[in-house]
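Reading the structure
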Amino acid sequence: METAATIKEVRAQIKEWKRQGLSIGLVPTMGYLHEGHGSLMKRAREECDRVVVSIFVNPLQFGINEDFDRYPRDLQADAVLCRAEGVDLIFHPEAEEMYQEGFCSFVDMDGLTGELCGKSRPNHFRGVCTVVSKLFHIVTPDKAFFGQKDAQQLAVIRRMARDLDMDVEIVGCPIIREEDGLAKSSRNTYLNPEERRAALILSQTIRLGRQMVEEGMTDAKALVAAMKENIAREPLAKIDYVEAVSMDTIEKVDRIEGAVLVAMAVYIGKTRLIDNFIAQA
Ligand code: PAF
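Attention here is on the structure that accompanies the text. (Residues numbered from 1 in each chain as written. Predicted model: local features only at pLDDT ≥ 70, side-chain atom pairs only at ≥ 80, totals over all residues. Heavy atoms only, no water.)

1. Examining the side chain of Gln-152
Turning to its location among the elements, Gln-152 is positioned in helix α7 (residues 151–163). Classification of Gln-152 as buried rests on a relative accessible area of 4%. Side-chain polar atoms of Gln-152 contact the backbone oxygen of Leu-112, separated by 2.8 Å. Those residues within four positions of Gln-152 in sequence are excluded, and the remaining contacts are Leu-112, Thr-113, Glu-115, Leu-116, Cys-117, Gly-118, Phe-125 and Ile-250. (Helix = DSSP H or I, 4+ residues; strand = E, 2+ residues; numbered from the N terminus. Buried < 20%, exposed > 50% of the residue type's maximum accessible area, 1.4 Å probe, protein only. Polar contact = N/O pair within 3.5 Å; in protein donor to acceptor, adjacent residues only side chain to side chain. Contact = heavy atoms within 4.5 Å.)

Right, here's the structure in full:
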């Protein structure tokens, strides 16, 4: 496994692999890797000849009062996981490598970003789209792998790739959970033991919502209200949003018809956690 810090090094390696006719899979990450990322790497390993993992805590996608400075980082542990998953190349650039002085070009999206996380994190998806499109230009992957946990991000990236004719297949992979149900996230490390227990309200509420849909609930407002009521039972939880939206446009829906994304962001103490399920009616 190689590690590259510069775009030049990555391009040289990619050029050589392409010369050999090898396909390339990219797993973009911000590091502090866990089994969720591991599952993306496994899938990339299965579907591509060479696997590149980018590890870059992208300053552009954090708001001023968000956790950029304290976002957990552990490159050594990340490298151990990548090696175990058979990754071929880690791309770990410094911010100056990705954003040269005078950087002023961004990828922005008018649709899909007005609801859910886009509402409470106004410039977040501009930062995500910009860095992901840069990574696509640098690595030129055949396939790129993203987790369904960040469902809005996955929809946004799919749309960006489609709208801007990016020659890459976007592969969405299932949410990976702890044994007790909590969706795996690098941010789970912020939780103290009491908060860790309280955080189970997210997955419990996802189960409740899923069950209500299975039992025939088609009224999106009533579904969301019942889920919010359930979260409110947990004193440490503060709801950012619970919404039912179209999978394609990320606009609110009135009815659960076809595939609808039911997504939530909830603060547990100071930590903002997200979770979701796809309701099929
Ligand atoms: O999901 C993430 O970890 C990040 O948003 C991504 C896609 C790596 C872009 O920085």
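Additional details are given in the paragraphs that follow.
2. Quick word on unusual backbone geometry
With a phi angle near 65°, Leu-112 is a residue other than glycine that sits in the positive phi range. Locating Leu-112 in the fold gives a position in the loop between α4 (95–98) and α5 (117–120). A positive phi angle, near 45°, is found at Thr-140, a position not held by glycine. Among the structural elements, Thr-140 can be located in the loop between α6 (124–139) and β5 (143–147).

3. What to know about the state of the cysteines
A disulfide bridge is the covalent bond that connects two cysteines by way of their sulfur atoms. Enumeration over the complete set of coordinates arrives at 0 disulfides. Take Cys-48: it sits in no disulfide, and the sulfur closest to it among the cysteines is that of Cys-173, at 11 Å. On the basis of relative accessible area, Cys-48 is assigned to the buried category, the value being 5%. A disulfide-free cysteine, Cys-117 has its sulfur positioned 13 Å from the sulfur of Cys-129, the nearest such atom. (Disulfide = S-S within 2.5 Å.)

4. Quick word on the side chain of Lys-184
Relative to the elements of secondary structure, Lys-184 occurs in the loop between β6 (169–173) and α8 (193–198). Classification of Lys-184 as buried rests on a relative accessible area of 10%. One polar contact links Lys-184 to Glu-178, side chain to side chain, over a distance of 3.3 Å. If near-sequence neighbours (up to four positions away) are discounted, Lys-184 is found in contact with His-34, Glu-35, Gly-36, Lys-149, Ile-176, Arg-177 and Glu-178.

5. Observations regarding the site of the ligand
Surveying the vicinity of the ligand reveals the residues Pro-28, Thr-29, Met-30, Asn-58, Gln-61, Val-131, Phe-146 and Gln-153. Side-chain polar atom of Gln-61 to an oxygen atom of the ligand: 2.6 Å apart, as the coordinates give it. The contact in question runs from an oxygen atom of the ligand to an N or O atom on the side chain of Gln-153, over 2.7 Å. Taken together, the residues of the shell around the ligand break down into 4 nonpolar, 4 polar and no charged. (Near = heavy atom within 4 Å. Nonpolar A, V, L, I, M, F, W, Y, C, P; charged D, E, K, R; others polar.)

6. Things to note about the sheet that holds β6
Strand order in the open sheet formed by 6 strands is β1-β4-β3-β2-β5-β6, and the pairing between neighbours is parallel. Of all the strands in the sheet, just β1 (2–4) and β6 have a single pairing partner and so form its edges. On average, each strand axis in the sheet is inclined to that of its neighbour by 25°, with strand direction left out of account. The strands that α7 touches are β5 and β6; relative to β6, the one it contacts most, it runs at about 170°. (Pairing = 2+ DSSP bridges. Axes fitted to C-alpha atoms, helices over the stretch in contact; angles between N-to-C directions.)

7. Observations regarding the pairing of strand β9 (residues 271–280)
Among the 10 residues that make up β9, 8 are buried, leaving the element largely enclosed by the rest of the structure. Pairing analysis gives 10 bridges linking strand β8 (residues 259–268) to β9, with the strands arranged antiparallel. In the strand pairing of β9, Val-262 is matched with Phe-277. If you look at the hairpin formed by β8 and β9, you'll find 2 residues sitting between the two strands, and Gly-269 has a positive phi there, around 60°.

8. Digging into the packing of aromatic side chains
Tallying each qualifying case throughout the model produces 5 aromatic pairs. Each ring, one from Phe-56 and one from Tyr-99, has its centre 6.1 Å from the other, and the planes form 45°; the classification is tilted. Of this pair, Phe-56 sits in the loop between β3 (50–55) and α3 (75–84) while Tyr-99 sits in the loop between α4 and α5, and the two are 43 residues apart along the sequence. When sorted by exposure, Phe-56 lands in the same class as Tyr-99, which is buried. (Phe/Tyr/Trp six-rings, centres within 6.5 Å; stacked < 30°, edge-to-face > 60°.)

Note that every value here comes from positions in space, so none of it alone points to a role or purpose.
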